[in-house]
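Breakdown of the fold
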Amino acid sequence: MTGGQKTLVIRNGNLIDGSGHPTARNDAIVIEGNRIKSVGALPGDIQLADRANVEVLDAAGQWIMPGLIDAHCHVSYGYPLIKGEGKGKGTTRPEFSTLKSARSVQKVLRSGVTSISVPGGTWFTDVGVRDAIRLGLMEGPRMYVAGRMIVTYGCIEDDEPSWEGTPDHSIGKLCNTSDEMVTEVRRQGKHGVNFIKMADSRSGESQMLAREEIAAVVGEAHRRNLRVGIHSRGAGSTRAAAEAGVDWIIHADLATEADLEAVARAGMPIIPTATFLAIVIELGNKVGQEQIQIDINRMKRHYDALGVLMHKAREMGIKLLVGTDTGNNSFTPYGENHAKELEIFVKHGGFSPMEAIVAATRHNAYAVGLEGEVGEIAAGRLADIIVVNKDPIADITVLQGGRNLSWVIKDGKIIDRSPERNAMLIFQEAAE
Ligand SMILES: [Zn+2]
């Protein structure tokens, strides 16, 4: 036990342990400090009546599973938009961005998401919020973060004319040569990022990062123990990223079979991220695309291509991770859609509900640098666990929006999700 914390015992219920084993009856999960001590029969040395030292949660009739992981969640893009806040592209002030991010991640945790991978944001906001959580200043999910995305002229997030470049509040960082990219990797590494985000063209219309440039970033990042993720919708950039040895590829929807073979050979996972597209399509159909200023047909093309990609990737043995792009737009509120990607995996990608859950837990642990530590309920693992009152195998959508959660446990501690407690946090609904 650490710091006088009680031993926590989850009794009864149905265990979905994240490994892919079928749902099984749970007797006792014992948690000491921030780790799972045992799973199975209640150990003889645990005195359930010893209420001074043991806390018992009775999960009878409920489902126990690892905390969800979102492998693609932005927290410092400037959303939600807040009334009275100065308008700029995204956000205009690091201090304000940090406070808003700190609030947003608490919503994420309260919806049952205990870890997030953050592929890009403003300044080093995400590093600061990650560290505040890690040091116990505030509650929040485990965060694995990148900094501003490395881009060349014309890539996604290079939105200003060339004479403006990428201003400091931009999510992109212009680097037009390998040397500039390597310098940026070093700068971001010095400021504490976990990984480097590169980004090719917005829709894959043309390849804007050369294989040699990606390889230069990968070489420098890996020397510094940083990983590399890349936004790549196009065929050429996906193949180049695979050959350059990035750690994961985001989207890859226009990749041909031959490109995917290169990915399969190289062995990195893909994070398709269909949730954002699905939300935009649903909303666009409802309010008209002029309202949301996004080309719905383009979104539909990407969405359909991702369905094909999911099926093909499975056949080829490419691992697919579960990410949503929550926080990239005002249509994607925190805490709402982190489990929607699982529904899409099942309805559109050929996954069983159990396979989707394994992808969002055990496999997703890789995207937060905690493979073998989170994402499974087993002795020795970090105790990130949720308990839901409906069966996610019968209906995968019950995991969405935190609506069926009974408990969220992160790092061995039960998160107090009561309205009274929420009101005490920097968490007031009135602001939006
Ligand atoms: Zn994104």
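So, here is what we can say about the structure in this document.

**Looking at the sheet that holds strand E17 (residues 385-388)**
Pairing is mixed across the open sheet formed by six strands, whose spatial order is E3-E2-E7-E17-E18-E19. In the strand order of this sheet, the two ends are held by strand E3 (24-25) and strand E19 (413-414), each with one partner. In this structure, strand E2 (residues 14-15) lies alongside strand E7 (residues 63-66), joined through two bridges in parallel fashion. Across the sheet, Asn14 pairs through a bridge with Trp63, a residue of E7.

**Points about the pattern of salt bridges**
Per the stated rule, a full pass over the model turns up 25 salt bridges. The shortest N-O distance in the salt bridge between Glu184 and Arg187 comes to 2.9 Å. Remark: Arg187 and Glu184 occur in helix H3 (residues 178-190); sequence separation between them is three residues, near one turn of the helix. With a shortest N-O distance of 3.0 Å, Arg186 and Glu220 are connected by a salt bridge. One end of the pair, Arg186, is in helix H3; the other, Glu220, is in helix H4 (residues 211-223), and 34 residues separate them in sequence. Taking the relative accessible area as the measure of exposure, Glu220 reaches 4% and is therefore buried. Sharing partners across several salt bridges, the network here consists of Arg211, Glu212, Arg239, Glu243 and Asp259.

**Section: the coordination of the zinc ion**
The protein atoms that coordinate the zinc ion are His72 (NE2), His74 (NE2) and Asp325 (OD), at distances spanning 2.0 to 2.2 Å. Sequence spacing of the donor residues for the zinc ion, all on one chain, is H-x1-H-x250-D. With a gap of 251 residues between them, His74 in the loop between strand E8 (68-70) and helix H1 (94-110) and Asp325 in the loop between helix H9 (296-316) and helix H10 (340-348) connect regions that are remote in the sequence.

**Structural notes on the packing of helix H5 (residues 235-244) against helix H6 (residues 257-266)**
In contact at an axis separation of 8 Å, H5 and H6 are set at 20° when each is read in the N-to-C sense. The orientation of H5 with respect to H6, classified from their angle, is roughly parallel. Seen along the crossing, H5 lies across H6 with a hand that is left-handed. Where H5 approaches H6, its residues Ala235, Thr238, Arg239 and Ala242 are matched on the opposing element by Ala258, Asp259, Ala262, Val263 and Ala266.

**Here we look at the layout of surface pockets**
There is about 510 Å³ of room inside the second largest pocket. Around the second largest pocket sit 23 residues that line it, and Ile133, Arg134, Arg142, Lys410 and Asp411 are the ones nearest its centre. Among the elements of the structure, helix H2 (125-134) and strand E10 (142-145) are those that each provide at least two residues to the lining of the second largest pocket. For the lining of the second largest pocket, the class distribution of residues is nine nonpolar, seven polar and seven charged.

**Some thoughts on the packing of aromatic side chains**
Per the counting criterion, the structure on display carries four aromatic pairs. Taking 5.6 Å as the distance between ring centres and 15° as the angle between the ring planes, the aromatic pair formed by Tyr144 and Phe195 counts as stacked. Linking Tyr144 in strand E10 with Phe195 in strand E13 (residues 195-199), this pair joins segments that are 51 residues apart in sequence. Per residue, the accessibility class of Tyr144 equals that of Phe195, and both read buried. Here a set of aromatic residues connected by ring pairs shows up, and it is made of Tyr144, Phe195, Trp248 and Tyr366. Positioned above the aromatic ring of Phe96, the side-chain terminus of Arg93 is 4.8 Å from the ring centre.

**Description of the environment of Val263**
As for its placement among the helices and strands, Val263 is situated in helix H6. Among residues more than four places away in sequence, those in contact with Val263 are Thr238, Ala242, Ile249, Met268, Ile270 and Ile318.

**Concerning the pairing of E17**
Residues Ile385 and Val387 point to one face of E17 and Ile386 and Val388 to the other, with burial holding for every one of them. Two elements, E7 and E17, share four bridges in a ladder whose sense is antiparallel. Opposite Pro66, over in E17, you have Ile385 as the bridge partner. In this sheet, strand E18 (residues 405-410) lies alongside E17 in antiparallel orientation, the contact comprising four bridges. Among the inter-strand pairings, Val387 is bridged to a residue of E18, identified as Trp407.

**Details of the side chain of Ser104**
Summarising the element assignment, Ser104 is placed in helix H1. Once you skip the residues sitting within four places of it in the chain, Ser104 turns out to touch Tyr79, Pro80 and Tyr334.

**Quick notes on the environment of Ile69**
Mapped onto the fold, Ile69 is located in strand E8. The exposure class assigned to Ile69 is buried, which follows from its relative accessible area of 3%. When the C-alpha positions of Ile69 and Ser115 are compared, they lie 4.8 Å apart, and in sequence the two are 46 residues distant. Contact partners of Ile69, with chain neighbours within four places excluded, come to Val113, Ser115, Val322, Ala360, Thr361, Asn364, Ala365, Val368, Val374 and Gly375.

**What about the sheet that holds strand E9 (residues 113-118)?**
The parallel open sheet is built from three strands, whose spatial order is E8-E9-E10. Pairing within the sheet leaves two strands with one partner each, and these edge strands are E8 and E10. The sheet shows a mean angle of 10° between the axes of neighbouring strands, taken without regard to direction. One ladder, built from four bridges, connects E9 with E10; its direction is parallel. Residue pairing in the sheet places Ser117 in a bridge with Tyr144 of E10. Sitting on the sheet, H1 is in contact with E9 and E10, with an inclination near 130° to E9.

**A look at the pairing of strand E15 (residues 248-251)**
Where strand E14 (residues 227-232) and E15 come together, four bridges link them in parallel fashion. From the neighbouring strand, His231 faces E15, where its bridge partner is Ile250. In terms of handedness, the path from E14 via H5 over to E15 forms a crossover that is right-handed. Here E15 pairs with strand E16 (residues 270-271) via two bridges, running parallel. Along E16, the bridge assignment pairs Ile249 with Ile270. As a crossover connection, the stretch from E15 through H6 into E16 is right-handed.

Analysis parameters
Residues numbered from 1 in each chain as written. Predicted model: local features only at pLDDT ≥ 70, side-chain atom pairs only at ≥ 80, totals over all residues. Heavy atoms only, no water. Pairing = 2+ DSSP bridges. Helix = DSSP H or I, 4+ residues; strand = E, 2+ residues; numbered from the N terminus. Salt bridge = Lys/Arg side-chain N within 4 Å of Asp/Glu carboxyl O. Buried < 20%, exposed > 50% of the residue type's maximum accessible area, 1.4 Å probe, protein only. Donors = N, O, S within 2.8 Å, 3.2 Å for Na, K, Ca; no water. Axes fitted to C-alpha atoms, helices over the stretch in contact; angles between N-to-C directions. Parallel < 35°, antiparallel > 145°, perpendicular 65-115°, else oblique. Left-handed = near helix turned anticlockwise from the far one by under 90°. Contact = heavy atoms within 4.5 Å. 1 Å grid on protein atoms, 1.4 Å probe; cavity = no way out; pocket = protein on both sides within 12 Å on 5 of 7 lines; lining within 4 Å. Points joined across faces, edges and corners; volume = space filled by probe spheres on them. Nonpolar A, V, L, I, M, F, W, Y, C, P; charged D, E, K, R; others polar. Phe/Tyr/Trp six-rings, centres within 6.5 Å; stacked < 30°, edge-to-face > 60°. Lys NZ or Arg CZ within 6 Å of the ring centre and 35° of its normal. Right-handed = clockwise from strand over helix to strand, strands pointing away.

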